[in-house]
Amino acid sequence: MILGFVIKMQYEDVLTDLMQGYAFVFGWVAVLQIAYILPWYIILAKFKPSVWLNYLKNMIPPFITGFSTMSSAATMPLTLIATRKNVHDPDIVNFVIPSTVNYHLVADVLAMPIFAMTLMVSFGMPFPSLGQYLAFSIYYTIARFTGAAIPGGGALIISALAVEHFNFTGEMVALVYTLNLVFDSMITSMNIMGNGAFAILFNKLYHWKKQPATTISTA
């Protein structure tokens, strides 16, 4: 379906114009996602290069699979395998990954509000204030909890919010879907990386919280 849609856009001379017009935005959104998610692996590895590089190496298979499927849910089996190598506590992994895969979509909530604001500028609409942008982003983040991790899921939610709060036209909504579809591979891959980092964080917090009780019991 995705390949057919891309071929259709190319046949209609839309894909080239879209990539040229929004390549700068795509690039900066990708940089923003990496700049937010990568430091989590470094911090969780206590700044040890050998550890965080091993974390990332283990996450390569689900990263590539997510890039090709554009679905965190479809990639979940590989995410489970990779995260078990990083966490070494299968019970934690089996609880965290399946329970968060459909709503822990950090890359999605970073990208889609930026795409919406970019379209507003492209269509000559007044740029929202910082307060409006933050409010819109928070609403979208909360609303994203209601959607599944499927291709185009973010566009379904943000388009309704954009129409309600910023009076997006039908053409703008169509472009929201198109931008999401073109960039969804990267969004999904970074969502998976975020899920892997969250599982490591949850594991550390769980065992840190559990440690005092164990110590007292031993004493």
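Residues numbered from 1 in each chain as written. Predicted model: local features only at pLDDT ≥ 70, side-chain atom pairs only at ≥ 80, totals over all residues. Heavy atoms only, no water.

K.L.:
For this particular structure, what's the right way to read the overall build of the protein?
P.N.:
Scanning the protein for helices and strands turns up 10 helices and 0 strands. Evaluated residue by residue, the protein yields a buried proportion of 43% over its 219 residues. Accessible surface, the protein: about 11600 Å² in total, of which carbon and sulfur atoms supply 71%. (Helix = DSSP H or I, 4+ residues; strand = E, 2+ residues; numbered from the N terminus. Buried < 20%, exposed > 50% of the residue type's maximum accessible area, 1.4 Å probe, protein only. Areas by Shrake-Rupley, 256 points an atom, 1.4 Å probe, with all protein chains shown as cover.)

K.L.:
Sorry if this is basic, but what is going on with the confidence of the model for the protein here?
P.N.:
Scored by pLDDT, the protein comes out at a mean of 83, with 86% of its residues at no less than 70. Per-residue pLDDT, averaged within each element of the protein, yields its smallest value for helix α1 (residues 2-11) (66) and its largest for helix α3 (residues 49-58) (95). Note on residues 213-219: pLDDT is under 50 here. Beyond four places in sequence and across chains, it has 0 contacts. (pLDDT = per-residue confidence, 0-100. Contact = heavy atoms within 4.5 Å.)

K.L.:
I keep staring at the nonpolar core and nothing clicks. Help me out?
P.N.:
Residues Y41, M112, F115, F168 and F183 are the most contacted members of the largest nonpolar core, which totals 53 residues. The set of elements that each furnish at least two residues to this core consists of α2 (15-44), α3, α5 (72-87), α6 (90-100), α7 (106-122), α8 (130-144), α9 (153-166) and α10 (170-218). In contact with Y41, not counting residues within four places along its chain, are W52, Y55, L56, M59, M193, G196, A197 and I200. (Core = buried A, V, L, I, M, F, W, Y, C linked by side-chain atoms within 4.5 Å.)

K.L.:
Before we go on, may I ask you to explain the packing of aromatic side chains in this structure?
P.N.:
Geometry of an aromatic ring pair is reported as the spacing of the ring centres plus the angle between the planes. Per the stated rule, a full pass over the model turns up 8 aromatic pairs. Aromatic side chains F198 and F202 sit 6.3 Å apart centroid to centroid with 50° between the ring planes, which places their arrangement in the tilted category. Taken together, the residues F198 and F202, both in helix α10 and 4 residues apart, mark about one turn of the helix. Residue F198 is classed as partly exposed on the basis of its relative accessible area, which comes to 27%. Judged by its relative accessible area of 27%, F202 falls in the partly exposed class. Among the aromatic residues, those joined into a cluster by ring pairs are F26, F115 and F183. (Phe/Tyr/Trp six-rings, centres within 6.5 Å; stacked < 30°, edge-to-face > 60°.)

K.L.:
Which parts of the structure should I look at to understand the packing of α5 against α6?
P.N.:
What describes two packed helices is the angle between their axes and the distance between those same axes. Direction vectors running N to C along α5 and α6 enclose 140°, while the axes themselves pass 9 Å from each other. With respect to their mutual orientation, α5 and α6 come out oblique. Here the hand of the crossing between α5 and α6 comes out right-handed. Residues M76, T79, L80, T83, R84 and V87 of α5 pack against I92, V93, N94, I97 and P98 of α6. Across the contact of α5 with α6, the residue classes tally to 7 nonpolar, 3 polar and 1 charged. (Axes fitted to C-alpha atoms, helices over the stretch in contact; angles between N-to-C directions. Parallel < 35°, antiparallel > 145°, perpendicular 65-115°, else oblique. Left-handed = near helix turned anticlockwise from the far one by under 90°. Nonpolar A, V, L, I, M, F, W, Y, C, P; charged D, E, K, R; others polar.)

K.L.:
Hey, could you run me through a nonpolar patch on the surface in this one?
P.N.:
Residues F24, W28 and V31 make up a contiguous nonpolar surface patch of roughly 380 Å² in combined accessible area. One can find W28 in helix α2. For W28, a relative accessible area of 53% puts it in the exposed group. (Patch = residues over 30% accessible without salt bridge, like charges linked within 9 Å, V, L, I, M, F, W, Y side chains within 5 Å. Salt bridge = Lys/Arg side-chain N within 4 Å of Asp/Glu carboxyl O.)

K.L.:
Looking at this model, I keep getting lost on the environment of D89. Mind explaining?
P.N.:
By the secondary structure assignment, D89 is in the loop between α5 and α6. A C-alpha to C-alpha distance of 9.7 Å links D89 and I200, two positions 111 residues apart in sequence. Those residues within four positions of D89 in sequence are excluded, and the remaining contacts are N203 and H207.

K.L.:
Explain α9 to me, please; I cannot follow it from the model alone.
P.N.:
One turn of an α-helix holds 3.6 residues; hence residues three or four places apart share an orientation. Between its first and last C-alpha, α9 extends 20 Å over 14 residues, near the 20 Å set by a 1.5 Å rise per residue. Where α9 is concerned, the buried positions are G153, G154, A155, I157, I158, S159, L161, A162 and F166. (Expected span 1.5 Å × (residues − 1).)

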